[in-house]
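Secondary and tertiary structure notes
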Amino acid sequence: MAKKVVATLKTGDGRTYSKVIRMVKSPKTGAYCFVEEMVPNEKVKEALAKYMQ
């Protein structure tokens with residue numbers, strides 16, 4: 001199944017998006033987890049900037 005996802009992201013409209021992976025600390029347990037989201041290439045810096053504050 002992963003091959004299908006990669007193949008669809010490389011063709012057509014998939015090239016205009018980037019996967020942003022952030023590490024977030026849980027306020028409850030203090031453990032870190034990873035949060036993934038797909039954002040347009042133009043909005044990558046904005047998506048990361050709002051979490052850096």
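Rules behind the numbers
- Residues numbered from 1 in each chain as written.
- Predicted model: local features only at pLDDT ≥ 70, side-chain atom pairs only at ≥ 80, totals over all residues.
- Heavy atoms only, no water.
- pLDDT = per-residue confidence, 0-100.
- Helix = DSSP H or I, 4+ residues; strand = E, 2+ residues; numbered from the N terminus.
- Patch = residues over 30% accessible without salt bridge, like charges linked within 9 Å, V, L, I, M, F, W, Y side chains within 5 Å.
- Areas by Shrake-Rupley, 256 points an atom, 1.4 Å probe, with all protein chains shown as cover.
- Salt bridge = Lys/Arg side-chain N within 4 Å of Asp/Glu carboxyl O.
- Buried < 20%, exposed > 50% of the residue type's maximum accessible area, 1.4 Å probe, protein only.

**A look at the confidence of the model for the protein chain**
Residues with a pLDDT of 70 or more make up 72% of the protein chain, whose mean pLDDT is 79. Element-level mean pLDDT values for the protein chain span from 56 in helix α1 (residues 2-10) up to 91 in strand β2 (residues 32-40).

**Structural notes on a nonpolar patch on the surface**
Together, Ile21, Met23, Tyr32 and Phe34 line one region of the surface with nonpolar side chains, adding up to about 490 Å² of accessible area. When residues of the nonpolar patch are traced back to their parent elements, those giving at least two are β1 (17-25) and β2. As for its position among the elements, methionine 23 is in strand β1. Residue class for methionine 23 comes out exposed when judged on its relative accessible area of 53%.

**Structural notes on the pattern of salt bridges**
Two side chains bearing opposite charge may form a pair once their charged atoms approach each other closely. Applying the stated criterion across every chain, the model contains 2 salt bridges. Here glutamate 36 makes a salt bridge to lysine 19, at a shortest N to O gap of 3.4 Å. Within this pair, whereas glutamate 36 is found in strand β2, its partner lysine 19 is found in strand β1, the two being separated by 17 residues in sequence. A relative accessible area of 51% means that glutamate 36 is categorised as exposed. Taking the shortest distance from any N to any O, the salt bridge between arginine 22 and glutamate 37 comes out at 3.6 Å. Placement of the pair is arginine 22 in strand β1 and glutamate 37 in strand β2, with a sequence separation of 15 residues. Using a relative accessible area of 23% as the deciding quantity, one classes glutamate 37 as partly exposed.

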